[in-house]
Structures are given as structure tokens and as C-alpha cells.
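# Coordinate inspection notes
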Amino acid sequence: MSLDSRTLALLVCPQCKGRLEWREEQQELICRGEKLAFPVIDDIPHLLLSAAREMSSDELK
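Report follows, based on the coordinates. (Residues numbered from 1 in each chain as written. Predicted model: local features only at pLDDT ≥ 70, side-chain atom pairs only at ≥ 80, totals over all residues. Heavy atoms only, no water.)

Turning our eyes to something else, we now look at the environment of Gln 15. Looking at the secondary structure, you find Gln 15 in the loop between helix H1 (5-10) and strand E1 (21-23). Using a relative accessible area of 43% as the deciding quantity, one classes Gln 15 as partly exposed. Along the primary structure Gln 15 and Val 40 are separated by 25 residues, whereas in three dimensions their C-alpha atoms are 17 Å apart. Residues contacting Gln 15, with those up to four places away along its chain left out, are Glu 34 and Leu 49. (Helix = DSSP H or I, 4+ residues; strand = E, 2+ residues; numbered from the N terminus. Buried < 20%, exposed > 50% of the residue type's maximum accessible area, 1.4 Å probe, protein only. Contact = heavy atoms within 4.5 Å.)

What follows is the structure, encoded as C-alpha cells:
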């Protein structure tokens, strides 16, 4: 899946409403502010807090 910039601009973190960053290699949407990674499964972003995983500071670099 490849998220275009228009689609990505519409998606926000459900926790802080901040901007999300697309990481294609991991198939995840990243919220740097909350240090959360949301999976994209079968081209569908799963933007539920229960689906997110916490990221370490090293992963955000």
C-alpha cells in the first residue's frame, strides 16, 4: 500500500489528533507525539488505540 499525501493529510492520531507519518516498510502509521504505531492491514489503517503499539525512542529516529 502506498498512502498519497492527500489521504495522509486527512488521517490523524485518535489520541492527540496530531499528524501521522507513513512508514511503508513497516506498514504502519506513526504518531511521534504519542509514540504510537498504528498498523495498516490489507490496505486499511487500524486507528484504534487498542490496535496501536507503543514505540521506543530509538524507533522514532
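So, on to the pattern of salt bridges. Under the defined criterion, the tally for this structure stands at five salt bridges. Between Glu 21 and Arg 23 there is a salt bridge, with the nearest N and O atoms lying 3.1 Å from each other. Glu 21 gets classed as partly exposed once you look at its relative accessible area, which sits at 23%. Overall, Arg 23 belongs to the buried group, its relative accessible area being 14%. A salt bridge links Glu 21 to Arg 32; the nearest nitrogen and oxygen atoms lie 2.9 Å apart. Of this pair, Glu 21 sits in strand E1 while Arg 32 sits in the loop between strand E2 (28-31) and strand E3 (36-41), and the two are 11 residues apart along the sequence. Overall, the relative accessible area of 41% leaves Arg 32 in the partly exposed class. (Salt bridge = Lys/Arg side-chain N within 4 Å of Asp/Glu carboxyl O.)

Glancing now at the nonpolar core. If you look at the biggest cluster of nonpolar residues, it comprises 12 residues: Leu 3, Leu 8, Leu 11, Cys 13, Leu 20, Trp 22, Leu 29, Cys 31, Leu 36, Phe 38, Val 40 and Ala 52. Elements with a contribution of two residues or more to this core: E2 and E3. Among the elements that take part in this core, E3 stands out by supplying three residues, more than any other. With residues up to four places along the chain from it excluded, the contact list for Cys 13 reads Gly 18, Leu 20, Cys 31, Glu 34 and Phe 38. (Core = buried A, V, L, I, M, F, W, Y, C linked by side-chain atoms within 4.5 Å.)

Below, the discussion takes up the environment of Glu 21. When the C-alpha atoms of Glu 21 and Ala 9 are compared, they prove to be 9.5 Å apart, with 12 residues separating the residues in sequence. Look past the residues within four positions of Glu 21 in its chain and what remains in contact with it is Glu 28, Leu 29, Ile 30 and Arg 32. Polar contacts involving the side chain of Glu 21 include one to the side chain of Arg 23, which spans 3.1 Å. (Polar contact = N/O pair within 3.5 Å; in protein donor to acceptor, adjacent residues only side chain to side chain.)

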